[in-house]
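Listed below are the residues making up each chain.
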Amino acid sequence: MLRADAPSGEVPGTFARRVFWVKDHDRSEQPNGLYKTSAPSEAVDPRTVEPGAWGQLTERAWGSPFPEE
């Protein structure tokens, strides 16, 4: 359900939305591929996505513990 203050689009009656997708080279499609133990810079853990808040990159989304700096 949209809140009364939900951001609207440029056309009256439309609303801003985020779209997420899986690419052919993502871990779910190629478990042993490029992102076996890492993630692209735009990756987020879908469990952290909430209305009005940015998603977070977690170790679950990264695929392993974060590298130590």
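Above this text you will find the structure in question.
Below is a summary of the structure that appears in this document. (Residues numbered from 1 in each chain as written. Predicted model: local features only at pLDDT ≥ 70, side-chain atom pairs only at ≥ 80, totals over all residues. Heavy atoms only, no water.)

### Points about the overall build of the chain
Scanning the chain from N- to C-terminus turns up 1 helix and 0 strands. Relative to the compact-globule value of 11 Å for 69 residues, the chain shows a C-alpha radius of gyration of 16 Å, a clear excess of over 25%. Seen through its C-alpha atoms, the chain measures out along the principal axes to roughly 45 × 25 × 20 Å. Looking at the 69 residues of the chain, the share that counts as buried comes to 17%. Just so you have it, the chain exposes about 6,100 Å², and 56% of that area is on carbon and sulfur atoms. Both charge centroids of the chain, one from 8 positive and one from 11 negative side chains, sit 4 Å from each other. (Helix = DSSP H or I, 4+ residues; strand = E, 2+ residues; numbered from the N terminus. Rg over C-alpha atoms; globule rule 2.2 N^0.38 Å. Buried < 20%, exposed > 50% of the residue type's maximum accessible area, 1.4 Å probe, protein only. Areas by Shrake-Rupley, 256 points an atom, 1.4 Å probe, with all protein chains shown as cover. Lys, Arg positive; Asp, Glu negative; His and termini not counted. Charge placed at Lys NZ, Arg CZ, Asp CG, Glu CD.)

### Notes on the pattern of salt bridges
Counted according to the given criterion, the structure contains 2 salt bridges. Note that R47 is salt-bridged to D45, the shortest N-O span being 3.6 Å. Across the pair R60 and D45 runs a salt bridge whose closest N-O atoms are separated by 2.7 Å. Linking R60 in helix α1 (residues 59-62) with D45 in the segment before α1, this pair joins segments that are 15 residues apart in sequence. A residue is classified by how much of its surface remains accessible, and D45, at 2% relative accessible area, is buried. In this structure, a network of salt bridges that share partners links the residues D45, R47 and R60. (Salt bridge = Lys/Arg side-chain N within 4 Å of Asp/Glu carboxyl O.)

### A short note on the environment of A61
By secondary structure assignment, the location of A61 is in helix α1. Along the chain, A61 and V44 lie 17 residues apart, while their C-alpha atoms are 6.2 Å from each other. Among all residues touching A61, those that are not within four sequence positions of it are R27, S38, A39, V44 and D45. (Contact = heavy atoms within 4.5 Å.)

### What to know about the environment of R3
Mapped onto the secondary structure, R3 falls in the segment before α1. When its relative accessible area of 49% is taken as the criterion, R3 is described as partly exposed. Residues R3 and P51, spaced 48 residues apart in sequence, show a C-alpha to C-alpha distance of 9.8 Å.

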